[in-house]
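Read off the chains here:
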Amino acid sequence: MSFVLNGVTDRGISDATRERVLQAAQALGYEPNAAASTLVSGRTGTVALVLPSVQHLHVDAFLAQLLASVAEQCRRHGLTLLIEATDGEGQQADRFVRLVRGRRIDGLIVAHPRDAEREHLLRLQDSGVPLVVLGGGWAETHPGQVLGDDTRDGARRLTAHLMALGHRRIGFVNYASSEFRNAAAREQGWRDALLAHDVAPEPAWSVHANLSADSGWQATRALLARQSGSTGPTAIFAGNDTIAFGALRALREAGLRVPQDVALVGYDDIPLAAFADPPLTTVRSDPAGQGAEAVARLRRQLDGGPAPGAPKGPAAATALPATLVVRASCGGQPG
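Residues numbered from 1 in each chain as written. Predicted model: local features only at pLDDT ≥ 70, side-chain atom pairs only at ≥ 80, totals over all residues. Heavy atoms only, no water.

Undergrad: So, the packing of aromatic side chains: which residues are in play, and what are the values?
TA: The tally for this structure, following the rule as stated, stands at two aromatic pairs. Between Phe-172 and Trp-190 the ring centres are 5.3 Å apart and the planes differ by 20°, which places this aromatic pair in the stacked class. With Phe-172 in strand β6 (residues 170–174) and Trp-190 in helix α9 (residues 181–196), the pair connects residues that are 18 residues apart, well separated along the chain. Residues Phe-172 and Trp-190 agree in their burial class; the two are buried. Within the aromatic cluster, the residues linked to one another by ring pairs are Phe-172, Trp-190 and Phe-237. Sitting over the ring of Trp-217, Arg-249 keeps its end group 4.2 Å from the ring centre. (Phe/Tyr/Trp six-rings, centres within 6.5 Å; stacked < 30°, edge-to-face > 60°. Helix = DSSP H or I, 4+ residues; strand = E, 2+ residues; numbered from the N terminus. Buried < 20%, exposed > 50% of the residue type's maximum accessible area, 1.4 Å probe, protein only. Lys NZ or Arg CZ within 6 Å of the ring centre and 35° of its normal.)

Okay, here's the thing in structure tokens:
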């Protein structure tokens, strides 16, 4: 029992037993002494979820779901969760490096890092710090434990679906700039599908927003202002569902009907996507599942092993399935 209450996770105690002990302790009102627990286990019992910016939680539905899942899994397994952010366009990317050096945490889950943060992540990996990196686009170049859907392939499939419906002028409103590798991979998937159908993507077809629905509205207005009439887009791929809600407003303000005049698709399948008007075609990326799997992998590393089910070696990465969800906004037959 003391191992569970002190946060020791490498003594062969099953998850079911650990959960029962924690529930009993909670019922009895037991509060462990943090300093004593650290001395006994050599650990703080604290892990960090590192986000690009705290402000993103106010506007990005994907990150909110991810946070809820990580927090729930940490609670279940007796871990304290610390939220950190690397605000400042990468200028403070060493914040989580300092966090580990100060021995305040035992491991990190880093969500959708910027390219500028890659060297810091490599240093953490080389030093053996338990680490999980969340985000498509990192699997090929980052040697740490990488987890995320194959966002490039998901974007390619979504664009190919629009092309199968007859669209060739497909605008792309990315959810963030290409400094985020996940966003860059999503745009590359859009390009892959166009080129596979012998359509050269024009620079005027692509803009980027900044995670919020408001920024999606503004970016879509800018996209529509570049082209109109016979040269305007017949479909728009919004880089995520939050951006798609902003795009939907911009299209309506321009007098364009969805999907009769312009088809619209998003990415992530947030809970509100099915309640858009019309319901939004999207790709389901399962942020709750990603959060649960990230904590499972981190706990395995804390116990001295590789992440569950992860391949060994320098390319230990897993791409989770991304499912195409067809609804009315694309003009195709809903699934």
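After that view of the structure, there is still more to cover.
Undergrad: An account of the side chain of His-161 is requested, with residue identities and associated values reported.
TA: Within the secondary structure, His-161 is located in helix α8 (residues 151–164). By relative accessible area, which is 17% here, His-161 ends up buried. Residue contacts for His-161: discarding those within four places in its chain leaves Leu-324, Val-326 and Cys-330. (Contact = heavy atoms within 4.5 Å.)

Undergrad: Tell me what's going on with the pattern of salt bridges, and back it up with residues and numbers.
TA: Side chains bearing opposite charge may pair, as long as their charged atoms lie close to each other. In this structure the tally under the stated criterion is 13 salt bridges. As a salt-bridge pair, Glu-117 and Arg-114 come within 3.6 Å of each other at their nearest N and O atoms. Each member of the pair, Glu-117 as well as Arg-114, is classed as buried. Across the pair Arg-297 and Glu-293 runs a salt bridge whose closest N-O atoms are separated by 3.1 Å. In this pair, Arg-297 and Glu-293 both sit in helix α12 (residues 287–302), four residues apart, roughly one turn of the helix. Linked through salt bridges whose partners overlap, the residues forming this network are Arg-114, Glu-117 and Glu-179. (Salt bridge = Lys/Arg side-chain N within 4 Å of Asp/Glu carboxyl O.)

Undergrad: Give me the lowdown on helix α11 (residues 241–253), citing residues and values where you can.
TA: Under the 1.5 Å per step criterion, the end-to-end length of α11 is 19 Å for 13 residues, consistent within 8% with the ideal 18 Å. Those residues of α11 that sit buried are Asp-241, Thr-242, Ile-243, Ala-244, Gly-246, Ala-247, Leu-248, Ala-250 and Leu-251. With a side-chain oxygen positioned 3.1 Å from the backbone nitrogen of Thr-242, the residue opening α11 is Asn-240. After α11 finishes, the residue Gly-255 shows a positive phi value of roughly 80°. (Expected span 1.5 Å × (residues − 1). Polar contact = N/O pair within 3.5 Å; in protein donor to acceptor, adjacent residues only side chain to side chain.)

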